[in-house]
Amino acid sequence: MVLIGNHNQFVDSLCAFVVKGHWGDLSKVKNVSALTSSTIHQVLLQLSLYGYGLSYSFPFFKWLDSIPHYSHSLQCSWAMIHILTEHKHFKTAQHMLEKIAHKDFLSSPSVLTTLVRTHDNQEVNSQVLSWLVIHYAKSKMTQDAIQVFEQMRLHEVKPHLHACTVLLNSLLKDGVTHMVWKIYKKMVQVGVVPNTYIYNCLFHACSKAGDVERAEQLLNEMDVKGLLPDIFTYNTLISLYCKKGMHYEALSIQNRMEREGINLDIVSYNSLIYRFCKEGRMREAMRMFSEIKNATPNHVTYTTLIDGYCKTNELEEALKMREMMEAKGLYPGVVTFNSILRKLCQDGRIRDANKLLNEMSERKIQADNITCNTLINAYCKIGDLKSALKFKNKLLEAGLKPDPFTYKALIHGFCKTNELERAKELMFSMLDAGFTPSYCTYSWIVDGYNKKDNMDSVLALPDEFLSRGLCLDVSVYRALIRRSCKVERVECAERLFNHMEGKGISGESVIYTSLAYAYWKAGNVRAASSMLEEMARRRLMITVKLYRCFSTSDAHENKVSQFFWNHVVDRGLMSRNTMYKIQQKLI
């Protein structure tokens, strides 16, 4: 029977029982409540301090689990993790850390501060906290990983390179590239020396942002530091240059790789081929394809070439490429079929498109949104709304959901067939689905009602939005007013403007400019000037982009337009220098 006297003596007694292996005596502790978190923590520390190692502390830690209603405190678990790490039992320590990572809110700054201060072994702290960063980053808990990283920096605990790489990759996957640079800067501040893997993360961030200048700076940095770029580095650079249409620079990277004895892989070739195809330069794309060595063309290679030929109106070449692809044992997937399908529909070959769709079905290739939308759009263009709706139902039956393109195609189709109420209902369905109609969508509806001389239906639209519980903001008024002005229904635009102001919604540059220009064309100079004065009062400027929306090729209208834009410049709504540059086509 173990009696409890002085606390320190009790801790010493427990240590003695553990070291001597007297588990029977240890299990007879008279008062189990005396085995507090603090006591156990002290025992673990004392066993570690006197160099008894894991052969004593870990069996004791596991024995405690057998006590009814007992659970390890965070303090004790953390101490055990540290002891395991000190003795190089990394897998066990890591597993234990991951078990407590979520339930004990380890990412909390206050919790981490307390835990880090209980153990002054910086090497072990670095190892354990680096594992924690990795665990949170891989668990898609990026914010928690950042918090742990921040606490390491504040406590001057240097993170491991692997932890930094995993965190940066996690930020890239989340699309928060601005945070990549912030974390990188802080890494360097705490003494982390970046390696090729870290630089590859930075190149990836440059590629996502299209930042060529920064990528080139990084490459120079690596050269200065004597770090050798790898295939991933070069592939990212080739992809970035190709995205920006910088062929010479992309080919320069290819030459550099060859000089350094690094073979291009299929990812490198695919990037180069893709850029040529995108620009319709199929001869260069095929030359690059013929030059592939030490790599095997894959689905992406052939699909890129097939799509390129379809876009340059060379369907027969695309079909030959498909035959070549299948001869190599590579069978087209939905992306490949979609490229050919799109071209057939563009050429009005709907029957052939349906044959291709049947072939997809026979091969058990599941159609996707692009497949269905391509056929919906094709049928809408020829006015066969019945078949278009049939494909919409097929899309739903396949478990897919209509996207903005689906709605846009159907709305356009119904507007073409003058079924404006159905077009309008689809527009409201689109809004209910959480999609925002574009200016084109509103334009088709306004144009349709204009042809029917029924602008009252356009005027009723804002109130219909409200009656359906939909958000009525400035974007809706902007589209309706702008299009009403374009079709010279100035009175309708004016009434929409008054309705908007009555709802407490303020107009912006597009609305005021549209009305001012429409008034000017109608010969109502006073009303146009009033609109421009209000713009000046509210400091609403006319941008180059906005100016281009009103540019026209009509000679008579150009004369009227020129007077209007001179008036705009006189009002200070656009600088004379900007106007001059536009006229000289300098911007």
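Each chain carries its own residue numbering, running from 1 in the direction its sequence is written. Since the coordinates come from a predicted model, pLDDT governs what is reported: local features require at least 70, and pairs of side-chain atoms require 80 or more to be given and counted, while whole-chain, interface and lining totals use all residues. Water and hydrogen atoms were dropped before computing side-chain values, which therefore reflect all heavy atoms in the structure.

So, on to the UniProt feature "domain: PROP1-like PPR" (unreviewed entry) in the chain. UniProt positions are given in the numbering used here, feature names are shortened, and annotations may be inferred rather than shown by experiment. The positions that UniProt labels "domain: PROP1-like PPR" (unreviewed entry) are, in the present scheme, residues 129-284. Numbered from the N terminus, helices here are DSSP runs of H or I no shorter than four residues, and strands are runs of E no shorter than two. A distance of 51 Å separates the end C-alpha atoms of residues 129-284, which is 76% helix and 0% strand.

Here the chain is partitioned into domain 1 (383-437), domain 2 (442-506) and domain 3 (508-517 + 531-586). Distance from the C-alpha centre of domain 1 to the C-alpha centre of domain 2: 21 Å. Facing the 15 residues of domain 1 at the interface are 11 residues of domain 2. Roughly 1400 Å² is buried in total at the junction of domain 1 and domain 2, and carbon and sulfur atoms are behind 71% of that figure. By the criterion of area lost to domain 2, the three top residues of domain 1 are L420, K424 and F428, representing 39% of everything that side buries. Among the ionic pairs, R468 bridges to E425, the shortest N-O distance being 2.6 Å. Definition of a polar contact: a pair of N or O atoms within 3.5 Å, with one able to donate and the other able to accept a hydrogen when the atoms are protein atoms, and with sequence-neighbouring residues admitted only if both atoms are side-chain atoms. At the boundary of domain 1 and domain 2, one finds 4 residue pairs in polar contact (both at pLDDT 80 or more). Mapped onto the side of domain 1 that touches domain 2, the elements with two or more residues apiece are α24 (404-416) and α25 (420-432). Each residue is assigned to one class: nonpolar for Ala, Val, Leu, Ile, Met, Phe, Trp, Tyr, Cys and Pro, charged for Asp, Glu, Lys and Arg, and polar for all the others, Gly among them. Taken together, the residues that form the side of domain 1 that touches domain 2 break down as 8 nonpolar, 2 polar and 5 charged. These domain limits were set by an automatic method or by a database of domain assignments. Any two residues whose heavy atoms approach within 4.5 Å are treated as being in contact. Defined here as a combined quantity, buried area equals the accessible surface (1.4 Å probe) lost by two parts on assembly, summed across both. Any carboxyl oxygen of Asp or Glu that lies within 4 Å of a side-chain nitrogen of Lys or Arg is treated as forming a salt bridge with it.

If you walk through the whole model with that rule in mind, you get 30 salt bridges. Of the charged contacts, one joins E150 and K186 as a salt bridge, the two residues approaching to 2.7 Å between their closest N and O atoms. Here the residue E150 occupies a position in helix α9 (residues 142-154), and K186 occupies one in helix α11 (residues 177-189), the gap between them amounting to 36 residues. With a 1.4 Å probe rolled over the protein chains alone, any residue whose accessible area is under 20% of its type maximum counts as buried; one over 50% counts as exposed, and the rest are partly exposed. According to the relative accessible area criterion, E150 is buried, its value standing at 18%. Residue classification places K186 among the partly exposed residues on the basis of a relative accessible area of 25%. The residue E359 makes a salt bridge to R363 at a minimum N-O spacing of 3.4 Å. R363 gets classed as partly exposed once you look at its relative accessible area, which sits at 33%.

A negative phi holds for most residues other than glycine; trans holds for most peptide bonds. Unusually for a residue other than glycine, N313 sits at a positive phi of about 60°. Here N313 lies in the loop between α18 (299-311) and α19 (315-327). Overall, the relative accessible area of 56% leaves N313 in the exposed class.

Given the number of residues in a helix, its expected span is that number minus one, multiplied by 1.5 Å. In this model, helix α12 (residues 196-209) (14 residues) spans 20 Å end to end at C-alpha, consistent with the 20 Å of a helix rising 1.5 Å per residue. Along α12, the residues that are buried comprise T196, I198, Y199, N200, C201, L202, F203, A205, C206 and S207. Each element contacted by the buried residues of α12 is listed here: α10 (161-173), α11, α13 (212-225) and α14 (231-243). One side-chain oxygen at the N-terminal end of α12 lies 3.2 Å from the backbone nitrogen of Y197; it belongs to N195. G210 sits one or two residues past α12 and shows a positive phi near 65°.

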